[in-house]
Amino acid sequence: MTAMPITLADWQREYRHGADPSVLVGAALARLSSDDPAWIHRCDRRVVEDQLARLQVLPRTLPLWGVPFAVKDNIDVAGVPTTAACPAFAYVPERHATVVQRLLDAGAVMVGKTNLDQFATGLVGTRSPYGEVPNSFDPAYVSGGSSSGSASVVARGLVPFALGTDTAGSGRVPAGFNNLVGLKPTPGLVPMGGVLPACRTLDVVSVFALTVADAARVTALMGGPLPDEACFHPVRLQRPWFGRTGAALRVGVPLRSECDAALGYERAWQDAVERLATLGAEVVAVDMNAWFDVAELLYDGPWVAERHAVVQALIESRPEALDPTVREVIARAQGHDATAAFRARYRLEEARARIAPAWQDFDVLMVPTATTCPTRAAVAESPVARNSELGRYTNFVNLLDLSALALPAGITARGLPFGITFIAPGGCDAALVQLALRWEAASALPLGARLRDAAAEDRALRAGPAAGATVPIAVVGAHLSGMPLHGQIVERGCRLLAATRTAPHYRLHALAGTSPPKPGLARVPEGGSAIAVEVYEMPLEQVGSFLTLIPPPLGLGSVELAEDCGPWGRWVKGFICEPHALAGAPDVSRFGGWRAYVESTAR
């Protein structure tokens, strides 16, 4: 081993080549400094050795076998104090948080708990008695919070991934400030048992990683709510991709970014918008005022009372135990009553209704993760104002039940990272991952705090958030691209898998009396031909409405292709015809496909 592994692919490669986890993880532990403010608790060697001993009875094929990770210190780990960056509040849980248990069951090794803005209240990473966590590129600047420590240890290559939490942007802002991927799932996608709440109705566990593939795999392993766990969000069918076949991806961007030009963020933002062209995207300008109205509700509205509910006993008995800024923020709860809470909820739903039509104009929203990155000195001078600036594009996301994925976008002339975030409706986590992989491949940025360039292996997606079921459907006639009924494919959000041919066992006939003209495909025992088809992947929930549009004598059956169609093999669903309709219908198989036949009739 010439260098410490930094991605999941690196760690897995080392183990495939025979590395001993006690040696490899031991070397990782040796790099965890006792004076590093990113850590609140570093697991001692005995705790880690107990985990390593457990590895010996676990299959080496487990997806995270022997891979170290860190946990934000508002997420429970059995036998390790949970402090939420407040020593007076600390308790020792008896059980792991559900997400931690799932990662341990996948073979991961927990090596420490990380620093945070106290009680996850802040986006700066400076509100902790355990110290301020500096930016991994320039210590004069903030790391972002509240998941400051988790972002820092991943950016510096100390662990390949770490868990954060995200209520107002805590899993995205630190990612943007440290050149990381920050995957914030749809609220309700991952279980929250054993996570100390900030705002219990809004919180979600997030993942920091160096690559999209790593963040996606960890999220997949954590995902799935528990049947007996209280959940404040509906379980959504996961959308597998964005856009519609034959149409450009539509990406909404703010009408005005408000990015800090002096810091180089405005130039970096413009570069990011221009990079969308490499994805074949159409840029759609979006008026964000309604979104910003929602963002203001999070701290200026009664949701701050959820934070008060967590620390009420402590703030009433020992207010001095809280960070002064955190205490000031949480104390605002006393200015809200039940009437105010309902009024705010009405405002939220009214704003949601104003925002909903916008999703018809674009497929996904791209925003700056943060518009500026303040220095630690500037935050010390004006802690509330500087913090508030960072939530402009993050505070509204969980209030609206949205999914989001923060990504590196560039390094400014000042040498600071700049990040963007893709935002989509709830249930689009799998689609965000697919889009993020394309963005990552087009970006060519170093991993983390300039650890190294990304390798192709780092981008290989091995698992991700579960997507809704899809069905491959072979079309042979009027539904082909450019044909009269292709719009039925487009409006169902399908995507083209392949333009190919059937196995050479079919005959194609021009059916009489159909409008628009349609062919009939029939399998024959001998004398068949290979017929041109297009295979589209259709979301399962769209198949029923598609079936109702198919007139007799046509229907959907099984069609054999000349080559495998991805994981579905050679047999896919496709258009077939009732035998009685073929009697007397001209055989046009010699043209090789319906398009060629139609073109011949137009000459």
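Before reading further, recall that the structure is shown in the block above.
Residues numbered from 1 in each chain as written. Predicted model: local features only at pLDDT ≥ 70, side-chain atom pairs only at ≥ 80, totals over all residues. Heavy atoms only, no water.

Chemist: What is the right way to read the pattern of salt bridges from this model?
Modeler: Here the idea is simple: oppositely charged side chains can pair when their charged atoms come close. Enumeration according to the criterion identifies 27 salt bridges in this entry. With a shortest N-O distance of 3.0 Å, R495 and E537 are connected by a salt bridge. Here R495 is found in strand β15 (residues 495-501), whereas its partner E537 is found in strand β18 (residues 532-539), with 42 residues between them in sequence. Using a relative accessible area of 33% as the deciding quantity, one classes R495 as partly exposed. Here E537 falls in the buried class, since its relative accessible area comes to 7%. One salt bridge in this structure joins E534 and R595, with 3.1 Å as the shortest N-O distance. (Salt bridge = Lys/Arg side-chain N within 4 Å of Asp/Glu carboxyl O. Helix = DSSP H or I, 4+ residues; strand = E, 2+ residues; numbered from the N terminus. Buried < 20%, exposed > 50% of the residue type's maximum accessible area, 1.4 Å probe, protein only.)

Chemist: What is the right way to look at the packing of helix α2 (residues 21-30) against helix α3 (residues 45-55) in this model?
Modeler: In a pair of packed helices, the angle between the axes and the distance between the axes together describe the arrangement. At a minimum axis separation of 11 Å, α2 and α3 run at an interaxial angle of 150°. For the element pair α2 / α3, the angle class is roughly antiparallel. Relative to α3, α2 is oriented so that their crossing is right-handed. Along its contact with α2, which presents P21, S22, V25, G26 and L29, the element α3 presents R45, V48, L52 and L55. (Axes fitted to C-alpha atoms, helices over the stretch in contact; angles between N-to-C directions. Parallel < 35°, antiparallel > 145°, perpendicular 65-115°, else oblique. Left-handed = near helix turned anticlockwise from the far one by under 90°. Contact = heavy atoms within 4.5 Å.)

Chemist: Teacher, can you tell me more about the sheet that holds β18 here?
Modeler: Hydrogen bonds between backbone groups are what pair the strands of a sheet, and the pairing can be parallel or antiparallel. Taken in spatial order, the five strands line up as β15-β18-β14-β20-β19 in an open sheet, and their pairing is mixed. Of all strands in the sheet, those bounded by a partner on one side alone are β15 and β19 (554-560). Taken pair by pair, the neighbouring strands of this sheet meet at an average axis angle of 35°, ignoring direction. Pairing of β19 with strand β20 (residues 571-577) involves seven bridges; the strand directions are antiparallel. Across the sheet, S558 pairs through a bridge with K573, a residue of β20. Contacts between helix α18 (residues 540-548) and the sheet are confined to β14 (470-475), β18, β19 and β20, with β18 contributing the most and set at about 120° to the helix. (Pairing = 2+ DSSP bridges.)

Chemist: Would you mind showing me how to read the nonpolar core here?
Modeler: Side chains of a nonpolar character, in soluble globular proteins, are inclined to be buried together. V100, F161, L163, M366, I420, F422 and W439 are the most contacted members of the largest nonpolar core, which totals 108 residues. With seven residues, the top contributor of residues to this core is helix α16 (residues 429-443). If you look at the next biggest cluster of nonpolar residues, it comprises 36 residues, including L480, V535, V559 and C577. (Core = buried A, V, L, I, M, F, W, Y, C linked by side-chain atoms within 4.5 Å.)

Chemist: Mind showing me how you'd approach helix α1 (residues 8-16) here?
Modeler: In an α-helix there are 3.6 residues to a turn, and that puts residues three or four apart on one side. In terms of burial, α1 is a largely internal element, seven of the nine residues being buried. Those residues of α1 that sit buried are L8, A9, D10, W11, Q12, E14 and Y15. Looking at the buried side of α1, the elements it contacts are α2, β2 (68-72), β4 (161-166), α7 (212-222) and β13 (452-453). Just beyond α1, the residue with positive phi is G18, at close to 95°.

Chemist: Hey, could you run me through the pairing of strand β9 (residues 364-368) in this one?
Modeler: If a strand is regular, its side chains alternate between the two faces of the sheet. Among the five residues that make up β9, five are buried, leaving the element largely enclosed by the rest of the structure. Burial of β9 is two-sided: the residues V364, M366 and P368 facing one way and the residues L365 and V367 facing the other way are all buried. When strand β7 (residues 249-254) meets β9, the two strands line up parallel, connected through two bridges. Bridged to G252 within β9 is L365.

Chemist: Could you clarify how one ought to interpret the packing of aromatic side chains in this entry?
Modeler: Aromatic ring pairs are defined here through the distance separating the ring centres and the angle between the ring planes. Enumeration according to the criterion identifies 15 aromatic pairs in this entry. Considering the side-chain rings of W11 and Y15, the 6.2 Å spacing of their centres and the 50° angle between planes classify their relative orientation as tilted. Residue W11 and its partner Y15 are located together in helix α1, separated by four residues, close to a single helical turn. According to the relative accessible area criterion, W11 is buried, its value standing at 1%. Ring centres of F89 and Y91 lie 6.2 Å apart, and the angle between their planes is 80°; on these two criteria the pair is classed as edge-to-face. Ring pairs connect the aromatic residues W291, W359, F362 and F396, which therefore count as one cluster. Here the guanidinium or amino end of R392 rests over the ring plane of F292, the centre of that ring lying 3.9 Å away. (Phe/Tyr/Trp six-rings, centres within 6.5 Å; stacked < 30°, edge-to-face > 60°. Lys NZ or Arg CZ within 6 Å of the ring centre and 35° of its normal.)

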